[in-house]
Amino acid sequence: MDELRIGQLTKEMVAEELRRLGDPCAKAAEVVLRTLETALQAPAAGAESGRVIEDAVKGAMTAVLLADQSLPRGAIQVLEAVVEASHRRQLDPTEAMSAALRGLADLRRFVDPDRLDAVRREIDAHYMGVGDYFDACLREPLPPAAPAPRP
């Protein structure tokens, strides 16, 4: 009898669920927009709204990565959602984009430089000159890891 392969079974089940979603990158962007609309309802200080945007982008792009979707495509759709949310919430679009790019740069913990370069090229193709800022974000030192919660 074949050994039960939980990992393979789980992967296939998750892959099937993702196929049912339609476009996972578009869904990620939709979730970012809804999250930012909700989280930024109350007037927030610039640093606070920037942190909210950065965290939302980190979460969305980590999910795109785990779903084995196109990082460049996901990045553009998520950035478009951030731009839309910044307009709706009357946030400074430059600060919102900067926060989003810092969130995207968090991918450097998980992916190789070639994949990050593909993301940078796609960003630059859609937002002229913004790829340079993304490069600068990639060169920033990673923040220290948060300590594990105590039981």
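In this text the structure is predicted, and so the values were computed from the model without any measurement. (Residues numbered from 1 in each chain as written. Predicted model: local features only at pLDDT ≥ 70, side-chain atom pairs only at ≥ 80, totals over all residues. Heavy atoms only, no water.)

1. Digging into the packing of helix α2 (residues 24-39) against helix α4 (residues 71-88)
Here is step 1 of the chain: In the contact formed by α2 and α4, the axes pass within 8 Å of each other and the chain directions differ by 25 degrees. If you check the angle between α2 and α4, you find them roughly parallel. Two packed elements cross with a definite hand, and for α2 against α4 that hand is right-handed. On α4, the residues touching Cys25, Ala26, Ala29, Val32, Leu33, Leu36 and Glu37 of α2 are Arg73, Gly74, Gln77, Val78, Ala81, Val82, Glu84, Ala85 and Arg88. (Axes fitted to C-alpha atoms, helices over the stretch in contact; angles between N-to-C directions. Helix = DSSP H or I, 4+ residues; strand = E, 2+ residues; numbered from the N terminus. Parallel < 35°, antiparallel > 145°, perpendicular 65-115°, else oblique. Left-handed = near helix turned anticlockwise from the far one by under 90°. Contact = heavy atoms within 4.5 Å.)

2. Description of the layout of surface pockets
Here is step 1 of the chain: Looking at the largest pocket, its volume works out to about 180 Å³.
Here is step 2 of the chain: Together, 14 residues line the largest pocket, and Pro24, Ala28, Ala60, Ala63 and Val64 are the ones closest to its centre.
Here is step 3 of the chain: Of all the secondary structure elements, the ones that give two or more residues to the lining of the largest pocket are α1 (6-21), α2 and α3 (46-66).
Here is step 4 of the chain: When its residues are assigned to classes, the lining of the largest pocket shows eleven nonpolar, two polar and one charged. (1 Å grid on protein atoms, 1.4 Å probe; cavity = no way out; pocket = protein on both sides within 12 Å on 5 of 7 lines; lining within 4 Å. Points joined across faces, edges and corners; volume = space filled by probe spheres on them. Nonpolar A, V, L, I, M, F, W, Y, C, P; charged D, E, K, R; others polar.)

3. Observations regarding the packing of helix α6 (residues 113-126) against helix α7 (residues 130-139)
Here is step 1 of the chain: For the pair α6 and α7, interaxial distance at closest approach is 7 Å and the crossing angle is 150 degrees. With respect to α7, the axis of α6 lies roughly antiparallel. Here Leu116, Val119, Arg120, Ile123 and Asp124 of α6 come into contact with α7, specifically with Val130, Gly131, Asp132, Phe134, Asp135 and Leu138.
Here is step 2 of the chain: Its residues assigned to classes, the contact of α6 with α7 shows six nonpolar, one polar and four charged.

4. A short note on the pattern of salt bridges
Here is step 1 of the chain: One pass over the full model with this rule turns up twelve salt bridges.
Here is step 2 of the chain: With a closest N to O distance of 2.5 Å, Asp23 and Arg73 form a salt bridge. Taken together, the positions of Asp23 in the loop between α1 and α2 and Arg73 in helix α4 put the pair 50 residues apart, joining distant regions of the chain.
Here is step 3 of the chain: In this structure, a network of salt bridges that share partners links the residues Arg51, Glu54, Asp55, Lys58 and Arg102. (Salt bridge = Lys/Arg side-chain N within 4 Å of Asp/Glu carboxyl O.)

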